[in-house]
Amino acid sequence: MTTADPADLLALAADTAREAGAVAADGQAGIGVLDTKSSPTDVVTAMDRAVEELIRKRLLAARPGDAVLGEEGGAAAGESAVRWIVDPIDGTVNYLYGREDWAVSIAAEADGEVVAGVVAVPARGDVYTAVLGGGAFCNGEPIAAAPAVPLDLALVATGFGYSSERRAHQAEVLRQVLPRVRDIRRGGAAAVDLCGVARGRCNAYYERGLNPWDWAAASLIAQEAGARVGGLNGAPAGPDLFIAAPGDLFGELHDLLEPLGADTDG
Ligand code: IPD
Ligand code: CA
Ligand code: CA
Ligand code: CA
């Protein structure tokens with residue numbers, strides 16, 4: 001039994017993501033690096049923190065008993081069955097460089113299961129939404145993943161972590177993936193990549209080293225759009241490896257990545 005209607009959670013998440021996205025878009029020009037985290041390439045801007053604070057404030061004002069997990073603010077416990085999972089700006093490096101592929105991502109989990117998700121991409125005017133079992137939408141219009149294609153005809157999106165050790169291994173995996181696919185895209189925002197799978201702008205996506213805030217909302221959107229989301233050998237998608245692709249393409253990409261050690265750091 002969940003304690004909240006997923007449609008209500010979605011409405012709150014969507015209003016909040018729109019407001020947060022507008023604030024971030026207004027602050028993009030002239031933004032600089034405020035701090036770094038795990039490595040010198042792992043940057044944080046003032047807007048990452050300000051937007052997450054705004055999102056937490058709005059969500060908890062509407063639903064004071066809920067828990068929140070956010071990239072910048074960490075975990076806050078609650079007493080309800082609902083937990084919000086927030087990436088205030090997914091694609092911070094794109095944001096820093098004035099590029100368009102960055103997103104505000106908000107997911108609502110009820111009793112440990114993601115039941116609603118919003119990914120707002122303000123610079124493109126796109127708001128992706130999904131409720132568990134209710135399909136996926138962009139700006140209110142239904143979206144669907146492209147039909148599965150053979151791996152050698154697949155446009156495959158991927159991303160890289162922030163540590164040089166992990167990147168060295170990811171480059172080795174990529175060296176072996178690139179000759180086997182139509183082409184590779186590195187868009188710079190995992191949530192936007194997954195929404196790309198959800199609307200057929202690429203065929204598949206894989207990455208190692210993601211965190212729940214990167215995927216929580218967009219994973220539901222990709223699944224509701226018809227993509228399969230999972231990890232290695234039947235494991236759920238997660239930090240070890242995240243694969244999203246429709247139909248038989250999932251298995252083909254999985255079977256390419258598995259022997260390459262795409263789920264190990266090197
Ligand atoms: C990053 C982006 C990037 C992905 C990294 C993520 P952030 O999130 O989604 O595309 O490759 O793994 O950490 O730090 O910009 O929120
Ligand atoms: Ca992120
Ligand atoms: Ca982020
Ligand atoms: Ca970050």
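Residue numbers run consecutively from 1 along every chain, following the written order of its sequence. Chains carry letters and ligands carry numbers; both start at the beginning, A for chains and 1 for ligands, and go up in the order they are written. At least 70 in pLDDT is required for a residue's local features to be given in this predicted model, at least 80 for side-chain atom pairs to be given and counted, and no such filter applies to totals for whole chains, interfaces and linings, which use all residues. Side-chain figures throughout are based on the complete set of non-hydrogen atoms in the structure, without hydrogens or water.

Under an unreviewed UniProt entry, the name given to the protein chain is Inositol-1-monophosphatase, and the source organism is Nocardiopsis sediminis. UniProt positions are given in the numbering used here, feature names are shortened, and annotations may be inferred rather than shown by experiment. What UniProt records for the protein chain under Sequence similarities (unreviewed entry) is the sentence "Belongs to the inositol monophosphatase superfamily." Looking at the protein chain in UniProt, the text filed under Cofactor (unreviewed entry) is "Mg(2+)".

Digging into empty space enclosed by the protein
In this analysis the probe radius is 1.4 Å and the grid spacing 1 Å, with only protein atoms considered; a cavity is a set of points the probe fits into but cannot get out of, a pocket is an open set with protein on both sides within 12 Å along at least five of seven lines, and lining residues have an atom within 4 Å of a point. Grid points are joined across faces, edges and corners, and a volume is the space filled by probe spheres set on the points. Taken as a whole, this structure holds 1 cavity of 30 Å³ or more when the rule is applied. The calculated volume of the largest cavity comes to roughly 70 Å³. Taken together, Thr158, Gly159, Phe160, His169, Gln170, Val173, Tyr206, Glu207, Arg208, Leu241, Ala262 and Thr264 make up the lining of the largest cavity. Under the scheme used here, helices are H or I runs from DSSP no shorter than 4 residues and strands are E runs no shorter than 2 residues, and both carry numbers assigned from the N terminus. Listed by contribution, the elements that provide at least two residues to the lining of the largest cavity are helix 4 (164–177) and strand 13 (204–207). At 3 residues, helix 4 tops the list of elements feeding residues into the lining of the largest cavity. Gly is placed with the polar residues, together with every amino acid not listed as nonpolar (Ala, Val, Leu, Ile, Met, Phe, Trp, Tyr, Cys and Pro) or charged (Asp, Glu, Lys and Arg). Residues of the lining of the largest cavity, tallied by class, amount to 5 nonpolar, 5 polar and 2 charged.

Here we look at the pairing of strand 13
Relative accessibility decides the category of a residue: with a 1.4 Å probe and only protein chains considered, values under 20% of the type maximum give buried, values over 50% give exposed, and everything between is partly exposed. With burial as the criterion, each face of strand 13 is covered, one bearing Ala204 and Tyr206 and the other bearing Tyr205 and Glu207. Being paired, for any two strands, means DSSP has found at least two bridges between them. In the sheet, strand 11 (residues 155–158) pairs with strand 13 via 3 bridges, with the strands oriented parallel. Paired with Ala157 across the strands is Tyr205, a residue of strand 13.

Describing the coordination of the calcium ion (ligand 3)
Water is not among the atoms examined, so metal sites may look incomplete; donors are the N, O and S atoms within 2.8 Å of the metal, or within 3.2 Å for Na, K and Ca. Looking at the metal site, the calcium ion (ligand 3) is ligated by Glu71 (OE), Asp87 (OD) and Ile89 (O), spaced 2.2 to 2.3 Å from it. Written as a sequence motif, the donor residues of the calcium ion (ligand 3) are E-x15-D-x1-I. Between the calcium ion (ligand 3) and the calcium ion (ligand 2), the interatomic distance is 3.8 Å, and Asp87 donates to each metal, bridging them. You can see Glu71 sitting in the loop between strand 3 (67–70) and strand 4 (74–76) and its partner Asp87 sitting in strand 5 (residues 82–90), a full 16 residues away along the chain. With a relative accessible area of 0%, Asp87 lands in the buried category.

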